[in-house]
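Here are the chains, one letter per residue:
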Amino acid sequence: MASVNGEFRKLAAGYLFPEIKRRVNEWKALHPGVSVLSLGIGNTTEALSPAVVAAIKERAELLAHRETYTGYGDEQGEPTLREALSGYYKTLGVHLQPDEFFISDGAKADAANIQQLFDSHSVVAVQDPAYPVYVDSNVVAGRAGTYSQQEERYTNLVYLPCVEEKGFIPAVPARHVDLIYLCNPNNPTGAVATKSQLKDFVDYALEHKAVIIYDAAYSEYISDPNLPRSIYEISGAELCAIEINSFSKFSGFTGVRLGWTIVPKSLGCTDSAPGELHRMWFRRQSTFFNGASNLAQSGGLAALHGDGLAQSRSLVAYYKENARIIRQGLQAVGLTVHGGTDSPYVWTRVPKGMGSWEFFDLLLDQCHVVVTPGAGFGPSGEGYVRVSSYGHKEDVEAAMASIRRNLRKEDLE
Ligand SMILES: *Cc1c(COP(=O)(O)O)cnc(C)c1O
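Residues numbered from 1 in each chain as written. Predicted model: local features only at pLDDT ≥ 70, side-chain atom pairs only at ≥ 80, totals over all residues. Heavy atoms only, no water.

S.K.: Go over the UniProt feature "binding site: pyridoxal 5'-phosphate" (unreviewed entry) in the chain, please, and point to the residues and values.
M.R.: In the numbering adopted here, UniProt assigns the feature "binding site: pyridoxal 5'-phosphate" (unreviewed entry) to Y72, A107, K108, Y131, N187, Y218, S246, F247, S248, R257 and N290. The annotated residues occupy 219 residues of the chain and do not converge on a single region, their most distant C-alpha atoms lying 33.6 Å apart. Relative to the helices and strands, A107 is located in helix α4 (residues 107–113). The exposure class of A107 is buried, given its relative accessible area of 9%. Residues contacting A107, with those up to four places away along its chain left out, are I244, N245 and S246. In this structure, R257 sits in the loop between α7 (248–251) and β10 (259–262). Those residues in contact with R257 that sit more than four places away from it in its chain are D105, G106, S248 and A296. At 3.1 Å, the side chain of R257 forms a polar contact with the backbone oxygen of D105. (UniProt positions renumbered as here; feature names shortened; annotations may be inferred. Helix = DSSP H or I, 4+ residues; strand = E, 2+ residues; numbered from the N terminus. Buried < 20%, exposed > 50% of the residue type's maximum accessible area, 1.4 Å probe, protein only. Contact = heavy atoms within 4.5 Å. Polar contact = N/O pair within 3.5 Å; in protein donor to acceptor, adjacent residues only side chain to side chain.)

And the structure:
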């Protein structure tokens with residue numbers, strides 16, 4: 001007799017993106033022939049760079065012949081790719097050994113799975129608003145308690161509010177926690193923590209023997225040289241932090257699939273000496289995962305060198321130019337915007353007295369533009385919408401033109 005894992009039933013209903021899709025489809029059905037411009041999702045739209053494509057083709061050609069064919073590769077990922085990543089971090093002044101990197105098929109699965117390393121009673125802190133996987137993976141693992149409709153939160157999670165007055169960077173937890181998820185540059189707010197703000201978290205983690213799970217998927221969007229791109233730029237972080245990153249937003253690998261996670265050998269926690277967590281993650285990955293695609297790994301290697309790196313960075317620059325156009329377009333109609341300078345997301349305050357779903361509906365209805373309601377990312381996201389720079393530049397420009405033309409002034413007062 002099989003019974004289900006009841007923790008799944010605790011996942012809050014109405015996951016954000018399906019609900020957006022439902023509303024957009026409903027609107028489209030009522031307005032046949034009207035096209036809708038989407039600035040709603042974090043999915044890349046521009047072509048893979050030529051150096052990456054060439055490397056993937058070359059690797060495919062090797063696989064086409066039995067003399068050069070290869071099957072399963074190294075459990076942690078191809079050594080050449082891990083060496084290249086170690087070299088990439090050296091350019092940030094961060095020294096990590098190639099065997100501290102675990103190549104994955106993307107950051108999202110690692111962000112969901114990493115909690116398996118920790119005790120099922122660990123107290124978990126998340127930023128509010130947050131990228132949903134940090135919350136949902138801990139719900140399914142039984143650490144979140146139950147969802148309170150009234151409070152719009154899980155009873156056992158510690159929420160770190162990210163508010164406008166503090167530049168959307170949270171303060172360290174006011175109580176003891178064991179695990180802290182940080183996403184920097186942040187999805188959805190577009191905020192980026194300074195070194196001193198990150199140091200507060202590292203100091204907290206060292207004092208409480210907590211572990212920080214640091215999602216740096218947008219690190220390449222940081223242009224300000226004073227802002228940290230890796231948590232290991234903060235000394236002591238190698239003792240208390242795991243960093244997760246991805247080629248998705250850096251090189252347009254959302255469909256190709258490739259990421260990495262760093263579990264430093266010096267990382268420890270309350271009941272675990274340095275080295276054990278690293279070995280446990282190796283054990284976990286070699287048992288439950290069979291490695292990232294070799295084609296993707298060849299593409300990733302190309303993205304870290306010479307032309308490939310320059311082309312990846314110009315892809316990032318393309319989306320950041322979109323973000324600039326969005327910021328300018330929204331400010332021109334009198335909206336208050338945050339983020340979008342070292343990040344692809346523009347966090348936009350909704351007009352006074354309106355809810356984030358209400359403003360979502362209004363932009364859809366009047367301007368035919370889709371954004372993401374902030375409330376879908378957590379209670380502190382209410383009052384904001386996330387506007388994504390992922391899209392073709394001409395579509396972003398058309399969306400801004402439509403907002404300028406169609407958003408009624410009286411709606412903004
Ligand atoms: C897009 C994104 C990722 C990337 O996930 P992949 O699985 O590597 O595509 C990770 N974290 C955040 C916060 C993201 O927005």
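S.K.: Lay out the domain arrangement of the chain with the relevant residues and their values.
M.R.: Domain annotation for the chain reports domain 1 (7–48 + 309–407) and domain 2 (51–307). Taken over C-alpha atoms, the centre of domain 1 sits 25 Å from the centre of domain 2. Contacts between domain 1 and domain 2 engage 38 residues on the former and 53 residues on the latter. When domain 1 packs against domain 2, close to 3600 Å² is buried across both sides, 57% of that on carbon and sulfur atoms. Counting every contact that joins domain 1 to domain 2 gives two salt bridges. Inspection of the region where domain 1 meets domain 2 yields 26 residue pairs in polar contact (both at pLDDT 80 or more). Elements with a contribution of two residues or more to the side of domain 1 that touches domain 2: α10 (306–332), β11 (337–339), β12 (345–349) and β15 (384–388). Ranked by residues supplied to the side of domain 1 that touches domain 2, first place goes to α10 with nine residues. Partitioning the side of domain 1 that touches domain 2 into residue classes produces 17 nonpolar, 14 polar and seven charged. (Domains from an automatic or database assignment. Buried area = accessible area lost by both parts, 1.4 Å probe. Salt bridge = Lys/Arg side-chain N within 4 Å of Asp/Glu carboxyl O. Nonpolar A, V, L, I, M, F, W, Y, C, P; charged D, E, K, R; others polar.)

S.K.: Go over the site of the ligand, please, and point to the residues and values.
M.R.: Residues in contact with the ligand amount to 14 residues; listed here are only the nearest, Y218, S246, S248, K249 and R257. For the ligand, an oxygen atom lies 3.0 Å from a polar atom in the backbone of K108. Here N187 contributes a side-chain N or O atom positioned 2.8 Å from an oxygen atom of the ligand. When the free accessible area of the ligand is taken as 390 Å², the share hidden by the protein chains comes to 93%. Mapped onto the shell around the ligand, the elements with two or more residues apiece are α4 and α7. Residue composition of the shell around the ligand, by class: six nonpolar, four polar and four charged. (Near = heavy atom within 4 Å. Areas by Shrake-Rupley, 256 points an atom, 1.4 Å probe, with all protein chains shown as cover.)

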